[in-house]
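So you can see what is in the structure, the chains are spelled out below.
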Amino acid sequence: MALSGLDVYKLLPKTNCKDCGFATCLAFAMALAQKKVSLDKCPHVTAEAKAALEGASQPPIKLVTIGTGDHEIEMGNETVMYRHEQKFYNPTGIGFLIEDTMDESEIDAALSKINELKFERVGQKISADLVCIKNSSKYKNKFANAVRKATVTTDLAIALSSSDAGSMSEAVRICIERRPLVICEDPAQIKVFAKIAKDNKLPLSIPCMDLDLAAQATELVKKEGVDEIVINLKAKSVAGRIQKSVFLRRAALKKNYRPLGYPILVFTEATDEAEELAEAVSYVAKYASLVIVKNYGRDFVLPLLVARQDIYQDPQKPVQVEPGIYEIGKVTAESPVLITTNFSITYFTVSGEVEASRVPSYILACDAEGMSVLTAWAAEKFTPETIFNTMKKFSLTDKVAHREITIPGYVAVLSGKLQEISGWKVNVGPREASGIPNYLRSLR
Ligand code: SF4
């Protein structure tokens, strides 16, 4: 947990000498706690206090990076238990399990399907992140072949899972340029795997059945020279894994307990598709930084990625589209104009219904700071004045020959004033977007 200004103050010399540029040590402490200045501005801080303050300024959950370039995945660096307290920073990586017991054609087919897992939702691109090659066969050559296939067939990040150090060393050699995550599956081999990770400057995942043992293991791995650690949560049930995950996050954030302050990896266990989806989404919601799933069907992956997108959306910054005039279909100067806000979900719901209607139309998305229609109206961000200003700003008169617009049914109350100040005829559309196709057809 970050130190407060008073906590910082207690560690300062309290001489108010002003050498740091602040009038008092307390003022400096407050600025330091808010990360507005760096500690080195105070030349008089003792080595002991410096160590304490620098330690406290480290993120409570270590940042770990795997993959490279566009497929780099950052894990950790989280600072809150609940999204509404601030936001979650690094979206959970979603990985797909490839076992080296699969035959070559199966691996090829799986990898090419995984490569296709790309979607667009509310204007954002969402996609799969990683493939996890597991040495289920226990054979070094089979593992190496599967890893080789992955490096050739996909650009996604790679995780390597094995309990055999020899197999892992060979696999790492094959895909080292991808900066893979080394997953040690055997608690007895942690030290040997730590050497592999250290020699190759790679992050290491350690298995965790017991939290006390995990804390000891992370300390051991650190001593061996590996800083980037991922805790692979093991338990007999989904509930057990979630319980441990919550405990780890609380220990890291509330107690500042460094030995457990690392990102969490979880493998799903459920064999039924619906159960696996529910399991994976639960891990995304409850602090997993990386979830490895077995299913890679599009119907399975899309809801999982959507859940991640929603959970990791900054609650203070709704997903927005750029305010402006959008053309849906082959519009003409006679096409109808629908007015809405620039909240992405609202905009894309409206545009989806307009597309479904097959009536080419304009949508004027007003800047309502990303709020939905009713919220923006209640917050006075979606008013006759703001709508009219948006119409003028984007020169709606240049787009259409008529002088007629349609506002959402929920804000029918705006119609009179908007008509009065704009001089345009203001129609009141349906309350729900699902009514748009019939409404647009009725205007023909
Ligand atoms: Fe206090 Fe250090 Fe600033 Fe002097 S330089 S006022 S001791 S914080």
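One structure accompanies this document, and this report is about it. Given the structure is predicted, the values throughout are model-derived calculations rather than measurements. Numbers given to residues run from 1 along each chain, matching the order in which its sequence is written. Reporting in this predicted model follows two pLDDT cut-offs: at least 70 for local features of residues, and 80 or more for side-chain atom pairs to be given and counted; totals over whole chains, interfaces and linings ignore these cut-offs and use all residues. Each side-chain value is worked out from all heavy atoms of the structure, with water and hydrogens disregarded.

Here the focus is the packing of helix 9 (residues 238-253) against helix 10 (residues 273-285). In this analysis, axes come from line fits to C-alpha atoms, helices being fitted only over the stretch in contact, and the angle between any two N-to-C directions falls in the range 0 to 180 degrees. Helix numbers and strand numbers start at the N terminus; a helix is a DSSP run of H or I with at least 4 residues, a strand a run of E with at least 2. Contact geometry for helix 9 and helix 10: axes closest at 10 Å, N-to-C directions at 10 degrees. Classified by the angle their axes make, helix 9 and helix 10 are roughly parallel. Side by side, helix 9 and helix 10 meet where Val 238, Arg 241 and Ile 242 of the first sit next to Glu 279, Ser 282 and Tyr 283 of the second. A class-by-class count of the residues in the contact of helix 9 with helix 10 yields three nonpolar, one polar and two charged. Our angle categories are set so that under 35 degrees counts as roughly parallel, over 145 as roughly antiparallel, 65 to 115 as roughly perpendicular, and the remainder as oblique. The contact definition used throughout considers only heavy atoms, calling two residues in contact when any of these lie within 4.5 Å. Note on residue classes: Ala, Val, Leu, Ile, Met, Phe, Trp, Tyr, Cys and Pro are nonpolar, Asp, Glu, Lys and Arg are charged, and everything else, Gly too, is polar.

Turning to the site of the ligand, a few remarks are in order. Consider each residue's heavy atoms; a residue with any of them within 4 Å of a molecule or strand counts as near. Near the ligand, the surroundings consist of Pro 13, Thr 15, Asn 16, Cys 17, Lys 18, Asp 19, Cys 20, Cys 25, Phe 28, Cys 42, Pro 43 and His 44. Detection works on a 1 Å grid of protein atoms alone, calling trapped sets that fit a 1.4 Å probe cavities and calling open sets with protein on both sides within 12 Å along at least five of seven lines pockets, with lining residues defined by an atom within 4 Å of a point. A molecule is said to be in a cavity or pocket once over half of its atoms fall within 2 Å of that pocket's grid points. More than half of the atoms of the ligand fall within 2 Å of the grid points belonging to the largest cavity. Residue composition of the shell around the ligand, grouped by class: seven nonpolar, three polar and two charged.

So, on to the environment of Val 182. If you trace the backbone, Val 182 turns up in strand 8 (residues 181-184). Working definition: with a 1.4 Å probe on protein chains only, accessible area under 20% of the residue-type maximum means buried, over 50% means exposed, and in between means partly exposed. Judged by its relative accessible area of 0%, Val 182 is buried. On a C-alpha basis, the gap between Val 182 and Ala 146 in space is 15 Å, while along the polypeptide they are 36 residues apart. When neighbours within four sequence positions are excluded, Val 182 is seen to be in contact with Leu 160, Met 168, Val 172, Phe 193, Leu 202, Pro 203, Leu 204 and Ser 205.

Further remarks concern the nonpolar core. Ranked by internal contacts, the top residues of the largest apolar core, which has 75 residues, are Ile 98, Val 131, Ile 133, Leu 160 and Leu 204. Non-local contacts of Ile 98, meaning those with residues more than four positions away in its chain, are made with Ile 107, Ala 110, Leu 111, Ile 114, Val 131, Cys 132, Ile 133 and Lys 134. For the purposes of this section, nonpolar cores are sets of buried Ala, Val, Leu, Ile, Met, Phe, Trp, Tyr and Cys residues that join through side-chain atoms within 4.5 Å.

Next up on the list: a nonpolar patch on the surface. On the surface, Leu 374, Trp 377, Tyr 410 and Val 413 cluster together into a nonpolar patch covering about 370 Å² of accessible area. Following the sequence through the fold, Leu 374 ends up in helix 13 (residues 373-378). Taking the relative accessible area as the measure of exposure, Leu 374 reaches 37% and is therefore partly exposed. By definition, no residue in a patch forms a salt bridge, and every one has over 30% relative accessible area; like charges are joined within 9 Å, nonpolar side chains (Val, Leu, Ile, Met, Phe, Trp, Tyr) within 5 Å. Areas reported here follow the Shrake-Rupley algorithm with a probe of radius 1.4 Å; residue values treat only the protein chains shown as occluding. Here, a salt bridge means any side-chain nitrogen of Lys or Arg that lies within 4 Å of a carboxyl oxygen of Asp or Glu.

A positive phi angle, near 75 degrees, is found at Lys 18, a position not held by glycine. Within the element layout of this structure, Lys 18 appears in the loop between helix 1 (5-11) and helix 2 (25-33). The class of Lys 18 is exposed, set by a relative accessible area of 51%. For Tyr 287, which is not a glycine, the phi torsion comes out positive at approximately 80 degrees. As for its placement among the helices and strands, Tyr 287 is situated in the loop between helix 10 and strand 12 (290-293).

Multiplying one less than the number of residues by 1.5 Å gives the expected span of a helix. For helix 8 (residues 211-223), with 13 residues, the first-to-last C-alpha span of 18 Å sits near the 18 Å given by 1.5 Å per residue. Taken together, the buried positions of helix 8 are Leu 211, Ala 214, Ala 215, Ala 217, Thr 218 and Val 221. Considered in projection along helix 8, the buried side chains sweep an arc of 165 degrees and stay on one side of the axis. For helix 8, exposure combined with an orientation more than 90 degrees from the buried face picks out Asp 212, Leu 213, Gln 216 and Lys 223. Working definition: the arc comes from the directions between the helix axis and the C-beta atoms, pointing outward to the latter.

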